[in-house]
Amino acid sequence: MPSLKQNPPMQRLRGSLPKIGIRPVIDGRRKGVREALEDQTMNMAKSAAKLITGQLRHVNGLPVECVIADTCIGGVAEAAACAEKFQRNSVGVSLTVTPCWCYGTEVMDSDPLMPKAVWGFNGTERPGAVYLAAALAGYTQKGLPAFGIYGRDVQDMNDTSLPEDVQKKILAFAKAGLAVAEMRGKSYLSMGSVSMGIAGSVTDDHFFSDYLGMRNEYVDMSEFIRRMEEGIYDPDEFEKALKWVRANCQEGEDTNKPETQSSRERKDEEWEIIVKMALIARDLMAGNPVLEKLGWGEEALGHNALASGFQGQRQWTDHWPNGDFLEAILNSSFDWNGIRQPYIVATENDSLNGVAMLFGNLLTDTAQIFSDVRTYWSPAAVKRVTGHELSGKARQGIIHLINSGPTALDGTGQQTLEGKPAMKPFWQITPEEAENCLKATRWCPAELEYFRGGGFSSQFLTKGDMPVTMCRVNLVKGLGPVLQIAEGHTVDLPEDVHEKLNRRTSPTWPTTWFAPILTGEGAFKDVYQVMANWGANHGAISYGHIGDKLITLAAMLRIPVNMHNVPEDRIFRPSAWNGFGTKNLESADYRACKNFGPLYG
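Residues numbered from 1 in each chain as written. Predicted model: local features only at pLDDT ≥ 70, side-chain atom pairs only at ≥ 80, totals over all residues. Heavy atoms only, no water.

A. Quick look at the pairing of strand β13 (residues 398-402). Taking burial as the measure, the 5 residues of β13 include 5 buried ones, the bulk of the element. Side chains I398, H400 and I402 of β13 all project onto a buried face; the interleaved residues I399 and L401 project onto the opposite face, where all are buried too. Judged from the 5 bridges that link them, strand β12 (residues 369-377) and β13 form a sheet pairing that is antiparallel. By the bridge assignment for β13, D372 is matched with I402. Examined bridge by bridge, β13 and strand β20 (residues 511-516) share 4 bridges and lie antiparallel to one another. Counterpart to L401 in the pairing with β20 is T512. (Buried < 20%, exposed > 50% of the residue type's maximum accessible area, 1.4 Å probe, protein only. Helix = DSSP H or I, 4+ residues; strand = E, 2+ residues; numbered from the N terminus. Pairing = 2+ DSSP bridges.)

Right, dumping it as structure tokens:
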């Protein structure tokens, strides 16, 4: 297997990368007060910028840039100058910092579409905390929710270090804010329409525009046929990709009845078709300058799609090879061109699960797992069927996550962090790790009862002991979108136990055994309740315990969280949420989101 090269980060979609604006605000009184605070205030801004640029990257791997106001902001004129600078420099996130008292509404950031936070220095010499409280009250009163950042321990006036708790909140806010800014103005591309009556396939343009600031783009699946028949793809890349696939994508078992199995000639033809489908889907999303050189200028532009979905079933798959390969390989962090940023492609055009995948991708920079939330296996049921007694993290039951489509090959768990299975940002993945993901995957001929047109489905088993978070966006009539979150772990089962359980369903698809973390109450009383309370047939699974990050992002977008197992001490929402109740946080979240309404509504 030839080594996969590591591609450098690049910007593949139109539009400037959002920057983080930092606003050092100050007591405007001259002749002693302001002058004494200038250096300390500006140094706070520089410290925050150093932290952010040192720790965060954009999802495409490029560095995050910070823009600091030209001067400290002591009043409305300087606030206006800062706002104008931010507008010129594509700032999409606003962080205000100060060690002292300031004139709250005079120095505030009043852009209603920009996620905002205020860091007030916890010191005794000047009232930074007093300003923080006054500023947050002003933002709340004006209907501009802002996140409050305040260190737990008092610092000396000349202490330029950032306490760990302050660092965590700045980074959590900044990463979620960048996710908001990254989505704005981009597209979700529906390749096809509604798959088998799945409600999530009914793309709701009001949700995308009002809550995410995204466009909706649509192409009929017949566009794939047109592009294949008229040669609207890079022929040289096709030959390269096909050669790579034949060398690296190992075929697996054919579970179809011998009399219905496709011939070798037909299977080879299907490989050619599905490789072309992958190229075409990618070009539809992001464009391809090679197409313009071939005389296809319009097609070369693409749809500027940050995420997409492929309908497939049934109008396509009853006649043409399925979309499993295009979904799986695009969602992965590597292909025939090497290691690169994953794409986000939802199977069955389930746009709501596609959005959940997008959230996870923007917050972690990693590829995503898309699965059916297929089966709850109780300890008693596993014992009855296999004779095995579940133990460890699986002891209270497991959920079988499995789907024919876009589980990224990163989901094999063949990448490592500190010696443990992981899914990493593409710029951290080694060629050996990418190759191991490919080696751990088999491509099984499609089950013809489901996919009459054939194709190939990825088959692998996710390694256990990975911290993961499953999430899902659902739409509720009269309420709007809600987000549900379940942190947990992937688990290993003995090989014979896995085989017995897996063969009761479609064994040619990728499997992830998931054990959610239980709290003993509500939807997380037991594993059965997690399954019973899940709002749809699909879930998006991201590496790491990122429920707190998802909650922060949801608050920015005004999407209430109806189910989660994140401890309270990790939850970070705008201070305005406190005004809706501090005891029942789930209820307060609903009321706050309803009160402020969708970010772009």
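B. Inspection of helix α19 (residues 585-596) at higher detail. With 12 residues, α19 extends 16 Å between its outermost C-alpha atoms, agreeing within 8% with the 16 Å of an ideal straight helix rising 1.5 Å per residue. Here α19 has its buried residues at A588, D589, A592, C593 and F596. The buried residues of α19 occupy an angular sector of 130° when projected down its axis, which confines them to one face. Here the buried face of α19 lies against β22 (561-563). The backbone nitrogen of E586 lies 3.3 Å from a side-chain oxygen of the residue at the head of α19, namely N584. With its phi angle positive at about 75°, G597 sits one or two positions after the end of α19. (Expected span 1.5 Å × (residues − 1). Arc of directions from axis to C-beta. Contact = heavy atoms within 4.5 Å. Polar contact = N/O pair within 3.5 Å; in protein donor to acceptor, adjacent residues only side chain to side chain.)

C. Examining the side chain of E299 more closely. You can see E299 is positioned in helix α11 (residues 297-301). Within polar-contact distance, the side chain of E299 engages the side chain of R226 at 2.9 Å. Setting aside residues no more than four positions away along its own chain, E299 makes contact with R226, R227, I232, D283 and L291.

D. Representation of the environment of G397. Its place among the elements puts G397 in the loop between α14 (379-386) and β13. We classify G397 as buried; its relative accessible area is 1%. Separated by 333 residues in the primary sequence, G397 and V64 place their C-alpha atoms 41 Å from one another. The contact partners of G397, leaving out residues within four places of it in the chain, are Y376, W377, P379, L390, A515 and V527.

E. Expanded view of the sheet that holds strand β6 (residues 187-191). Taking strand neighbours across the sheet as the criterion, the 4 strands line up as β7-β6-β8-β11 in an open arrangement whose pairing is parallel. Across the chains shown, the open sheet's two edge strands, defined by having one partner strand only, are β7 (215-219) and β11 (345-347). On average, each strand axis in the sheet is inclined to that of its neighbour by 20°, with strand direction left out of account. Direction of pairing for strand β8 (residues 305-310) relative to β11: parallel, over a ladder of 3 bridges. Bridged to F310 within β11 is T347. (Axes fitted to C-alpha atoms, helices over the stretch in contact; angles between N-to-C directions.)

F. Representation of the packing of aromatic side chains within the structure. This structure, assessed with the given rule, holds 21 aromatic pairs. Their ring planes at 20° and their centres at 5.7 Å tell us that W577 and F596 sit as a pair that is stacked. Of this pair, W577 sits in the loop between β22 and α19 while F596 sits in helix α19, and the two are 19 residues apart along the sequence. Across the pair, F596 and W577 agree in class, each one buried. Chaining the aromatic ring pairs together yields one cluster made of Y188, F207, F208 and Y211. Positioned over the ring face of F238 is K276, at 5.1 Å from the centre of the ring. (Phe/Tyr/Trp six-rings, centres within 6.5 Å; stacked < 30°, edge-to-face > 60°. Lys NZ or Arg CZ within 6 Å of the ring centre and 35° of its normal.)

G. Broad picture of the sheet that holds strand β3 (residues 91-98). Taken in spatial order, the 5 strands of this open sheet run β2-β1-β3-β4-β5, and their pairing is parallel. The outermost strands of the open sheet, each flanked by one partner alone, are β2 (66-68) and β5 (147-149). Averaged over all pairs of adjacent strands, the angle between strand axes in this sheet comes to 25°, irrespective of strand direction. In this structure, strand β1 (residues 19-24) lies alongside β2, joined through 3 bridges in parallel fashion. When the sheet's bridge partners are listed, I20 is paired in β2 with C66.

H. Here's a closer look at empty space enclosed by the protein. Applying the stated criterion across every chain, the model contains 5 cavities of 30 Å³ or more. Estimates place the volume of the largest cavity at around 130 Å³. Those elements that place two or more of their residues in the lining of the largest cavity are α9 (264-286), β8 and α13 (351-364). With 3 residues, the single largest contributor to the lining of the largest cavity is α13. Looking at side-chain class alone, the lining of the largest cavity contains 12 nonpolar, 4 polar and 2 charged residues. If you add up the space inside the second largest cavity, you get close to 100 Å³. Looking at the second largest cavity, it is lined by 13 residues, and the ones nearest its centre are M114, P115, P145, M556 and R558. For the lining of the second largest cavity, the per-class residue count stands at 10 nonpolar, no polar and 3 charged. (1 Å grid on protein atoms, 1.4 Å probe; cavity = no way out; pocket = protein on both sides within 12 Å on 5 of 7 lines; lining within 4 Å. Points joined across faces, edges and corners; volume = space filled by probe spheres on them. Nonpolar A, V, L, I, M, F, W, Y, C, P; charged D, E, K, R; others polar.)

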